[in-house]
Amino acid sequence: MSPAVKCLILVAVVAVLFITELIPLSVTAMGASVASGILGFLTPKQVFSGLSDSTVILFAGMFVVGGAMFQTGLASEIGTRIVNACGRGENSLMFGLMLVGTLLSSVLANTGTCACMLPVALAICAAADIPASRELMPLAFACGWGGMITMVGTPPNTIATAALRNAGLETFGFFEWAYAGIPMSIIGMIYMIFIGKHLLPKAKIDPNQEIKQEADLATIKHSPTKMAISGIILLGVVVVMASGVKVLTLEMAAVTGALVACVTGCITEKQAYASIDWLTIFLFAGMLPVSTALDKTGAGKLVADVAVNAMGGHPSPIVCAAVLFILSCGLTQFMSNTASAALLCPIGIAISKELGADPKAVLAAIAIAASCAFATPVGTPPNTLVFGPGRYRFIDYIKPGVPLIIICWIASLILLPIIWPFFPG
C-alpha cells in the first residue's frame, strides 16, 4: 500500500472521529499528528511543528485580547448601547442584535460575543414583550457570518491563510476577507429581516428566566477606565494588523495586546488562560502537520486527481469551488468549523494546482462555507448557546438556516471569482 493511500485512510478515520466525536476533537487532531509520525509520513520534528506555528500564537493572543473586552464589560456596553439606539420593535431589535453580533464577532470570538449579548437580548425582549425565540437565532447567525470579515474573525479564515503560507503561496491580507465578508453579512441581515423572520418560531420563553437574566445583568459593574483601556488595546492591535507594519507581525501584535491587557489589569492571568479556546489551539496544531503529510505523501494530489477526473477531467475552477463549498458547509453543520477547514484547505490547494488556478477563491469558498453553520444547533457554539433560552427545536434551525445557506452558496460563487480571479492576468 502506497504512503498516499495510507495517509488518506488516516484522514478518513480522522473525519469519522470528527463527525462522531467519539473522542474529543483536540485528542483526535493531536493523535492524527502523532500517527503521521509513526507511519513515517513526517519526521519526529514535524509531528509537533503545529504547536510552534505562528498562527497558534495569533489565536492565543487574540483570545486574550477578546477576553479582556468581555471581562471589562466593554463588549456588553457596546452591545447594549447599539441595541438601545436601534429601538425595541421586533425588526429594529433584530437589526440591532445582528449588527452587534456582526461587528463584535469580526474581531472577537463569536462564542464570547453571543454569550455576552445573550442576557442583553433576554432583558430587552422581556421589557419589550417580544418572544426571545424571534431574536436569539438571528443573533447567533450574525455571530457566525461576522467572523467572515477579518482574518482573525473565525478560525477557518486563519487556517486558509496559514494553508497558503504553508504551501509557499501568497496569503490573504488582514482585511482582505472583508471584500467577501461584508457583502455576505449584509446579505445575511437582509435575508433575516425580510425572509428569515417569517421562518422563526414564536414560542415565548420562561418569564422567570428572563427576569433572572435581567437581574444578573443589572448587578454587573465594571470600571470605565479598564473598559476604555481594553477598547484602546483592541483598536491598536487591529490597526497594527491592518496596516501591515513590518516590525510587528500579526502574532506579535496579538501577543503584545494580550500582554498589555494583563499588565493594565483588564484581565487577570487566570482569566487570560481561561479565555483561550484550547480546543481550537490543539485542533489546529494537530491538523497542520497532517496537511503537511497530505502534501509529502502525495495524498493531496491523489484526491485532487480523483476529484478532477470525477468532474469531467478538466472542470472549471468555479465547479470545484461550488463542490468544496457544499462539502465544507455540510461537514460544519455537525463538526467544528476549524476541523472542516483544516481537512479541506490542503485538498483545495491541491485541486487548484492541478487546474493551474489561483487557490484563493477556492480556499475562501471553503472558509466561508465553514462559517455557514446555520442549519443545526450543534454546528457552532452560538447556535448551541441560544438553543435552551430560545426554547428551539432542531427543526427550528433547519427552516431559516437551509435557505440562508443556499443564498450564501450562490452569493459566494458570484462574488469570490470577482474578488479573487482564478486566472489573474
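Residues numbered from 1 in each chain as written. Predicted model: local features only at pLDDT ≥ 70, side-chain atom pairs only at ≥ 80, totals over all residues. Heavy atoms only, no water.

This paragraph deals with the overall build of the protein chain. Within the protein chain one finds 21 helices and zero strands. By the compact-globule yardstick of 22 Å for 425 residues, the protein chain fits well, its C-alpha radius of gyration being 21 Å. Overall, the C-alpha framework of the protein chain stretches about 65 × 50 × 45 Å when taken along its three principal axes. Looking at the protein chain as a whole, 54% of its 425 residues are labelled buried. Sequence-distant contacts, at least 24 apart, represent 79% of the contacts inside the protein chain between residues at least 6 apart. (Helix = DSSP H or I, 4+ residues; strand = E, 2+ residues; numbered from the N terminus. Rg over C-alpha atoms; globule rule 2.2 N^0.38 Å. Buried < 20%, exposed > 50% of the residue type's maximum accessible area, 1.4 Å probe, protein only. Contact = heavy atoms within 4.5 Å.)

The next point concerns empty space enclosed by the protein. In the structure shown here, the tally under the stated rule is two cavities of 30 Å³ or more. Within this model, the largest cavity holds a volume of roughly 90 Å³. Forming the walls of the largest cavity are Ile 159, Ala 162, Ala 163, Asn 166, Phe 284, Met 287, Leu 288, Ser 291, Ala 342, Cys 345 and Pro 346. Along the lines of polarity and charge, the residues of the lining of the largest cavity split into nine nonpolar, two polar and no charged. Asn 110, Gly 144, Thr 154, Asn 337, Ala 370, Ser 371, Ala 373 and Thr 380 are the residues that line the second largest cavity. Taken together, the residues of the lining of the second largest cavity sort by class into two nonpolar, six polar and no charged. (1 Å grid on protein atoms, 1.4 Å probe; cavity = no way out; pocket = protein on both sides within 12 Å on 5 of 7 lines; lining within 4 Å. Points joined across faces, edges and corners; volume = space filled by probe spheres on them. Nonpolar A, V, L, I, M, F, W, Y, C, P; charged D, E, K, R; others polar.)

Before going further, it helps to examine the state of the cysteines. Here is the idea: a disulfide is a covalent bond, and it sits between the sulfur atoms of two cysteines. The full count for this structure, using the stated rule, is zero disulfides. Summary of cysteine pairing: Cys 86 is not part of a disulfide, and the nearest cysteine sulfur, belonging to Cys 125, is at 14 Å. In this structure Cys 86 comes out as partly exposed when scored by relative accessible area, which is 23%. (Disulfide = S-S within 2.5 Å.)

Two descriptors summarise a pair of aromatic rings, namely the distance from one centre to the other and the angle between the planes of the rings. Enumeration according to the criterion identifies nine aromatic pairs in this entry. Taken together, a centroid distance of 5.0 Å and an interplanar angle of 55 degrees make the contact between Phe 141 and Phe 374 tilted. Of this pair, Phe 141 sits in helix H8 (residues 136-145) while Phe 374 sits in the loop between helix H19 (360-370) and helix H20 (381-387), and the two are 233 residues apart along the sequence. Phe 374 sits in the buried class, given a relative accessible area of 2%. Judged by centre distance (6.2 Å) and plane angle (70 degrees), the rings of Trp 145 and Phe 374 are edge-to-face. Of this pair, Trp 145 sits in helix H8 while Phe 374 sits in the loop between H19 and H20, and the two are 229 residues apart along the sequence. The exposure classification of Trp 145 matches that of Phe 374, with both residues buried. Through pairs of rings, three or more aromatic residues link up here, namely Phe 141, Trp 145 and Phe 374. (Phe/Tyr/Trp six-rings, centres within 6.5 Å; stacked < 30°, edge-to-face > 60°.)

A word on the layout of surface pockets. One number sums up the size of the largest pocket: a volume of about 800 Å³. Around the largest pocket, the lining is made up of 36 residues, and of these Asn 110, Thr 111, Asp 277, Thr 280 and Pro 381 lie nearest the centre. Mapped by element, the contributors of at least two residues to the lining of the largest pocket are helix H4 (54-72), helix H7 (110-128), helix H14 (269-275), helix H15 (278-297), helix H18 (337-355) and H20. Tallying contributions element by element places H4 first for the lining of the largest pocket, with eight residues.

When the terminal C-alpha atoms of H18 are compared, their 26 Å separation across 19 residues agrees well with the 27 Å that a helix rising 1.5 Å per residue should span. The largest bend in H18 comes to about 30 degrees, at Leu 344, with the proline Pro 346 one to four residues further on. Counted residue by residue, H18 has 17 buried out of 19 residues, so it is predominantly covered. At the exit of H18 stands Gly 356, carrying a positive phi of roughly 70 degrees. (Expected span 1.5 Å × (residues − 1). Bend = angle between axes of the 7 residues up to and from the residue.)

Core analysis: the largest hydrophobic core is formed by 137 residues, its most contacted members being Phe 18, Trp 145, Met 241, Met 287, Ile 351 and Cys 372. Tallying contributions element by element places H18 first for this core, with eleven residues. (Core = buried A, V, L, I, M, F, W, Y, C linked by side-chain atoms within 4.5 Å.)

Glancing now at the confidence of the model for the protein chain. When pLDDT is averaged across the protein chain, the result is 85; 95% of the residues are at 70 or more. Counted against residues more than four places away or in other chains, residues 207-219, with its pLDDT under 50, gives 13 contacts. (pLDDT = per-residue confidence, 0-100.)

Another point: helix H5 (residues 74-86). Here H5 spans 18 Å end to end across 13 residues, near enough to the 18 Å set by a 1.5 Å rise per residue. Three or more residues of H5 are buried, namely Leu 74, Ala 75, Ser 76, Gly 79 and Val 83. After H5 finishes, the residue Gly 87 shows a positive phi value of roughly 100 degrees.

Where helix H1 (residues 3-20) contacts helix H16 (residues 299-310), the axes come no closer than 8 Å and their chain directions differ by 85 degrees. Taken together, H1 and H16 sit at an angle that is classed as roughly perpendicular. For the pair formed by H1 and H16, the contact residues are Ala 4, Val 5, Cys 7 and Leu 8 on the first element and Ala 299, Leu 302 and Val 303 on the second. (Axes fitted to C-alpha atoms, helices over the stretch in contact; angles between N-to-C directions. Parallel < 35°, antiparallel > 145°, perpendicular 65-115°, else oblique.)

As a further point, take the packing of helix H6 (residues 90-105) against H7. If you want to describe how two helices pack, look at the angle between their axes and the distance between the axes. In the contact formed by H6 and H7, the axes pass within 9 Å of each other and the chain directions differ by 160 degrees. Considering the angle they form, H6 stands roughly antiparallel to H7. Between H6 and H7 the crossing geometry is right-handed. Counted together, Leu 93, Leu 97, Val 100, Gly 101, Leu 104 and Ser 105 of H6 and Asn 110, Thr 113, Met 117, Ala 121, Ile 124 and Cys 125 of H7 form the full contact between these two elements. (Left-handed = near helix turned anticlockwise from the far one by under 90°.)

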